[in-house]
Amino acid sequence: MTTLFTSFSDFHLWRTSIPENQTVGFVPTMGALHAGHISLIERAKAECDVVVVSIYVNALQFNSTDDYARYPRTEESDFRLCADVLVDTVFAPQQKDVFPEEVVELLTPSQSSLGYEGADRPGHFAGVATVVDRLFRMVQPSIAYFGLKDYQQVAVINDMTSLLHPNIVITPCETVRADDGLALSSRNRFLTPSGRKSASLLSATLKKAVSLWRDGDARSIQLIESVTADLSQDSSIDVQYVSIVRNGTVEPVQTVSENDVILAAIVVDGVRLIDNMSFTNA
Ligand code: PAF
């Protein structure tokens, strides 16, 4: 049976009842759960004795109050989904438990927060690092699971964890995609049908870059130009950035080698979408 805790003191009582030799897998979320989250939960269930999913919409990581207000809140169906896949505990804390202080002192995120999403969304990664640190303190997981769709977020969280929570293992998990290739995201629901069609070009162009690389073109600049040109052919797509970086970092590369990662962000229908793909021969 899945238990829901909304108060930290009740959660803490439950958490202290877990024997020390049991592994606790943790999937932090902001709710609006989809198949991408479920795949993280399944992985946690396969690897850990106990699984905790948190649901907390973190105001500190939004760049505008409008964006925060329009973020989907679907707690009841989120809880049902967690119960369906036999999550042990859903922790949906109140703000007063996560941030009891009046003025929150934000953590300074690592260098991995610079550029890309960090440049377009000032303060976003400080908010992410700060809330994940708080959640880690409360949940005390053995292993935490994050989706690689948010590539830069994973890099920032990895850095914060090595520094502040060296005993917690971060497990990045593969992006889950819809049939049209679009990476699953709670924001996809805001796309119109035509926007959705345009959005699917994002993964298609990244896939094409990987295949151009497999065919022998290792020049980063050429691959980036190809993706940008293909995306720009659709007038409803506003390309924010396309870049190729060394795996696990945000350092751009000039010559692409195995496991480097191509990152891109676009805006369609006013919805910001990000995606990335790894250069692998597999
Ligand atoms: O990826 C998310 O859903 C959020 O950024 C996270 C990691 C739960 C922190 O609020």
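Treat the numbers as computed from the prediction; the structure is a model and nothing was measured.

Caption draft 1: Molecular detail of the pattern of salt bridges. Applying the stated criterion across every chain yields a total of 13 salt bridges. As a salt-bridge pair, R187 and D67 come within 3.4 Å of each other at their nearest N and O atoms. Linking R187 in the loop between β6 (169-173) and α9 (193-214) with D67 in helix α3 (residues 65-70), this pair joins segments that are 120 residues apart in sequence. In this structure, the salt-bridge partner of R137 is D133, at a minimum N-O distance of 3.0 Å. Of this pair, R137 and D133 are both found in helix α7 (residues 124-139), four residues apart, which corresponds to roughly one turn of the helix.

Caption draft 2: Just the sheet that holds strand β3 (residues 50-55), in detail. In spatial order, the strands read β1-β4-β3-β2-β5-β6; together these six strands make up an open sheet with parallel pairing. A strand with exactly one partner marks an edge of an open sheet, and here the two such strands are β1 (3-5) and β6. Across the sheet, the mean angle separating the axes of adjacent strands is 25° when strand polarity is ignored. Strand direction decides the pairing type here: strand β2 (residues 24-29) and strand β5 (residues 143-147), joined by two bridges, are parallel. Within β5, the residue paired with F26 across the bridge is A144.

Reading the values: the criteria
Residues take numbers from 1 onward in each chain, read along the sequence in its written order. Owing to the predicted nature of the model, reporting of local features is limited to residues with pLDDT of at least 70; listing and counting of side-chain atom pairs is limited to 80 or more, with chain, interface and lining totals taken over all residues. Only hydrogens and water are set aside; all other atoms, that is, all heavy atoms of the structure, feed into the side-chain values. Salt bridges, as used here, are contacts in which a Lys or Arg side-chain nitrogen is within 4 Å of a carboxyl oxygen on Asp or Glu. A run of H or I in DSSP counts as a helix once it spans at least four residues, and a run of E counts as a strand once it spans at least two, with each numbered from the N terminus. In this description, strands pair whenever DSSP reports at least two bridges between them. Only the stretch in contact is used when fitting a helix axis, every axis being a line fitted to C-alpha atoms; angles between N-to-C directions are given from 0 to 180 degrees.

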